Amino acid sequence: MKITQVTIKRPVTTLMFFLAVVLLGFVSLRELSVDLLPNINYPRLSVVTNYRGVAPEEIESMITLPLEAAVSRIPGVRRVESVSKEDVSYMTLEFAWGTDMDFAMLHTRENLDNALLPDDVENPTIISMDPASKPIVVLSVSGERSLLELKEFSEELIKPRLEQIDGIGSAEIAGGVEREIQVEIDPRLMTLYGLSIDEIASRIHAFNRNLQGGSIRKGRFKYALRIVGEYEVVSEIEKINLKTTKSGGVIRLKDVAVVKDSIKERQGITRLNGEESIGILVRKESGANTVDVTKLAREIIDEIQDENPEINIRVVSEQAKYIENAISSVLNSILLGGILAFFMLFIFLQDFKTPVIIAVVIPISIIATFNLLFFRDITLNIMSLGGLALGVGMLVDNSIVVSESIFRHKSMGKELGDAAFIGTKEVGMAVTASTLTTLSLIHI
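Residues numbered from 1 in each chain as written. Predicted model: local features only at pLDDT ≥ 70, side-chain atom pairs only at ≥ 80, totals over all residues. Heavy atoms only, no water.

Trainee: Would you take a moment to explain the overall build of the protein for this structure?
Mentor: A count of helical and extended segments in the protein gives 14 helices and 16 strands. Against the globule reference of 22 Å for 444 residues, the protein gives a C-alpha radius of gyration of 34 Å, more extended than a compact globule. Counting only C-alpha atoms and orienting by the principal axes, one finds that the protein spans roughly 125 × 60 × 55 Å. For the protein, the residues scored as buried account for 31% of the 444 residues in total. The long-range fraction of contacts in the protein, counting pairs at least 24 apart against all pairs at least 6 apart in sequence, stands at 70%. Put simply, the protein shows about 28100 Å² of open surface, and 57% of that area lies on carbon and sulfur atoms. (Helix = DSSP H or I, 4+ residues; strand = E, 2+ residues; numbered from the N terminus. Rg over C-alpha atoms; globule rule 2.2 N^0.38 Å. Buried < 20%, exposed > 50% of the residue type's maximum accessible area, 1.4 Å probe, protein only. Contact = heavy atoms within 4.5 Å. Areas by Shrake-Rupley, 256 points an atom, 1.4 Å probe, with all protein chains shown as cover.)

Trainee: What is the right way to look at the pairing of strand β2 (residues 77-85) in this model?
Mentor: Regular strands show a simple pattern: their side chains alternate between the two faces of the sheet. Note: β2 against strand β3 (residues 88-95), 8 bridges, orientation antiparallel. When the sheet's bridge partners are listed, Val 83 is paired in β3 with Tyr 90. Connecting the antiparallel pair β2 and β3 is a turn made up of 2 residues, with Asp 87 showing a positive phi of about 80°. (Pairing = 2+ DSSP bridges.)

Trainee: Could you clarify how one ought to interpret the pattern of salt bridges in this entry?
Mentor: Pairing between side chains of opposite charge can happen when their charged atoms approach one another. In this structure the tally under the stated criterion is 14 salt bridges. For Arg 145, the salt bridge is made with Glu 310, and the minimal N-O distance between the two is 2.6 Å. Of this pair, Arg 145 sits in the loop between β5 (137-143) and α5 (147-163) while Glu 310 sits in the loop between α10 (290-307) and β16 (311-318), and the two are 165 residues apart along the sequence. Of the residues examined, Glu 310 reaches a relative accessible area of 28% and is grouped as partly exposed. (Salt bridge = Lys/Arg side-chain N within 4 Å of Asp/Glu carboxyl O.)

Trainee: Is there a simple way to think about the nonpolar core in this case?
Mentor: Nonpolar side chains in soluble globular proteins tend to be buried together. By size, the foremost hydrophobic cluster in this structure holds 25 residues, and its most contacted members are Leu 139, Val 141, Ile 158, Leu 162, Ile 280 and Val 282. Where this core is concerned, the elements lending two or more residues are β5, α5, β6 (168-174), β15 (278-284), α10 and β16. The next biggest cluster of nonpolar side chains, apart from the first, holds 21 residues, and it includes Val 34, Ile 327, Ile 367 and Leu 385. (Core = buried A, V, L, I, M, F, W, Y, C linked by side-chain atoms within 4.5 Å.)

Trainee: Which parts of the structure should I look at to understand the sheet that holds β2?
Mentor: Backbone hydrogen bonds hold the strands of a sheet together, and the pairing may be parallel or antiparallel. The sheet built from 4 strands is open, its strands ordered β2-β3-β1-β4 with antiparallel pairing. The two strands at the open ends of the sheet, each matched to only one other strand, are β2 and β4 (125-128). Across the sheet, the mean angle from the axis of one strand to that of its neighbour is 20°, orientation sign disregarded. As judged from the 7 bridges shared by strand β1 (residues 44-50) and β3, these two strands associate in the antiparallel manner. (Axes fitted to C-alpha atoms, helices over the stretch in contact; angles between N-to-C directions.)

Trainee: I'm lost on the environment of Asn 208 in this one. Help?
Mentor: Position of Asn 208 relative to the elements: it lies in the loop between α7 (197-207) and β8 (211-218). Between the C-alpha atoms of Asn 208 and Gly 229, which are 21 residues apart in sequence, the distance is 5.6 Å. With near-sequence residues (within four places) excluded, Asn 208 lies in contact with Gly 229, Glu 230 and Tyr 231.

Trainee: Is there a simple way to think about the pairing of strand β10 (residues 241-244) in this case?
Mentor: With 3 bridges connecting them, β10 and strand β11 (residues 250-252) associate as antiparallel partners. Bridge pairing in β11 places Lys 243 opposite Ile 251. If you look at the hairpin formed by β10 and β11, you'll find 5 residues sitting between the two strands, and Gly 248 has a positive phi there, around 95°.

Trainee: In this structure, what is going on with unusual backbone geometry? I would like to understand it.
Mentor: Where the residue is not glycine, phi is negative for most of them; where a peptide bond is considered, it is trans in most cases. In this model, Asp 87 sits at a positive phi of 80°, which is unusual for a non-glycine residue. Among the secondary structure elements, Asp 87 is positioned in the loop between β2 and β3. At Asp 377, a residue that is not glycine, the phi angle is positive and equals roughly 55°. With respect to the element layout, Asp 377 can be found in the loop between α12 (353-375) and α13 (382-411).

Trainee: Can you help me understand the sheet that holds β15 in this one?
Mentor: Strand order in the open sheet made by the 4 strands is β6-β15-β5-β16, with antiparallel pairing throughout. Looking at strand neighbours, the two that pair on one side only are β6 and β16, the edges of this open sheet. Neighbour-to-neighbour, the strand axes of the sheet open up by a mean angle of 20°, direction not taken into account. Pairing between β5 and β16: 7 bridges, direction antiparallel. Looking at β16, one finds that Leu 139 is bridged to Val 315. The sheet strands contacting α5 are β5, β6, β15 and β16, and the helix crosses β6 at an angle near 175°. In this fold α10 packs onto β5, β6, β15 and β16, with an angle of close to 165° to the strand it touches most, β16.

Trainee: Sorry, what's going on with the packing of α12 against α13 here?
Mentor: Think of two packed helices as two axes; the pair is described by the angle between the axes and how far apart they sit. Packing of α12 against α13 leaves a shortest axis separation of 10 Å and a crossing angle of 140°. As for the relative orientation of α12 and α13, their crossing is right-handed in sense. Facing α12, whose interface residues are Thr 354, Ile 358, Val 361, Ile 362, Ser 365, Ile 366, Thr 369 and Phe 370, α13 presents Leu 388, Val 392, Leu 395, Val 396, Ser 399, Ile 400 and Ser 403. Its residues assigned to classes, the contact of α12 with α13 comprises 10 nonpolar, 5 polar and no charged. (Left-handed = near helix turned anticlockwise from the far one by under 90°. Nonpolar A, V, L, I, M, F, W, Y, C, P; charged D, E, K, R; others polar.)

Trainee: Which parts of the structure should I look at to understand the side chain of Asn 371?
Mentor: With respect to the helices and strands, Asn 371 occurs in helix α12. Among the polar contacts listed, one links the side chain of Asn 371 to the side chain of Ser 28, at a separation of 3.1 Å. Excluding anything up to four places from it in sequence, Asn 371 contacts Val 21, Leu 24, Gly 25 and Ser 28. (Polar contact = N/O pair within 3.5 Å; in protein donor to acceptor, adjacent residues only side chain to side chain.)

Trainee: Can you help me understand a nonpolar patch on the surface in this one?
Mentor: On the surface, Leu 335, Ile 339, Phe 343, Met 344, Phe 346, Ile 347, Phe 348 and Phe 352 cluster together into a nonpolar patch covering about 850 Å² of accessible area. The residue Phe 346 is located in helix α11 (residues 319-349) in this model. (Patch = residues over 30% accessible without salt bridge, like charges linked within 9 Å, V, L, I, M, F, W, Y side chains within 5 Å.)

Trainee: Even after reading the chapter, I still don't get helix α3 (residues 56-71), so can you show me in this structure?
Mentor: Think of an α-helix as turning once every 3.6 residues; residues three or four places apart then point the same way. Taking the largest bend as the criterion, α3 deviates by roughly 35°, centred on Thr 64, and proline Pro 66 comes between one and four positions later. Among the residues making up α3, those that are buried are Ile 59, Ile 63, Thr 64, Leu 67, Ala 70 and Val 71. Packing partners of the buried residues in α3 comprise β1, β2, β3 and α4 (101-113). (Bend = angle between axes of the 7 residues up to and from the residue.)

Trainee: Which parts of the structure should I look at to understand the side chain of Lys 284?
Mentor: Looking at the element boundaries, Lys 284 is found in strand β15. Among the polar contacts made by the side chain of Lys 284, one reaches the side chain of Thr 290 at a distance of 3.0 Å.

What follows is the structure, encoded as structure tokens:
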């Protein structure tokens, strides 16, 4: 028990050591991320493959079955589930716990690239199951403007402002409507003029382009030129030249089709309190502090609201409040447990010094634990704080055993230093073995 001798014979050194630990613990606490749950790497991947205009039976035979055959060779795969719907194939890969998901995703991508799929199918998208990818803030945007204007406002102002915040990964727009230019072609006129759908589509695409125009020099300056050819109004689309007749006439798009400035077919509707609105799902970056990021996001939202009073931006839900309540509940349990332990020791031991010593050791031990959490990259969450609460109970138990042994030797007439050394030595191995046994059971 050399550590006991050092602490008894060198009290100043021991005090300086604990002061350094406490100081470093406070610094580590400032840098710790606060979250609801620890970082959990679920051994599950989802593969989504889109193939527009194809029935479920063809999706299964042309997409799902080849992909299942490809991913079945991935090491560590336990189960493969798939669902074939119109236009899309969903596939879920379940791996064994403990699998390195970075390598699993790499193997999955390699095997998917080797699958034999139709040429016009979209590339399969791999989505990892990560609880941290859930939105930390859900916003609702409504106001006096139309849904199209509200969505453009959200995409052009709110979304970029939020994504500029350090710690926010993405802001996804949900709901609303999207502008779409529809070209309704008359099949009879198209056949009459000898045109095809592909020819018309290629002509529309060819005219809707911005091209590089080279550069010119004027004195010491060099200017880049570009040719702006993208459509600005619907009337420009109607005037596209599709074909020149033998007599020198020109067939324009409006001669064979009707061009409409319309709304794209909607895939979903977002409502709040019965009122249709625009939803914004804000997601954080991996490892970011949810509470701090939410505070920064709220500040930006308040600024945008002040700049645009006609727009109503409401916070529908946020994880930060739930996290703060959960963390506060655990911290209160730790504090209340420490206070109750102090009074119980004072009542049963009928001594003021021993409970005070134990009461001082408890916060020092908790603050020292923050150093380990920081260096091991562990967040402050209900699991880690729950472990701290359990550790406080174990610390009180061990402190009582050691204090009682020291008190017994002191009552036998020994000096305080000798009583502290001998009493600690007698129960030191038993206390260590008991603590290690509990730790091993928790690990299992």
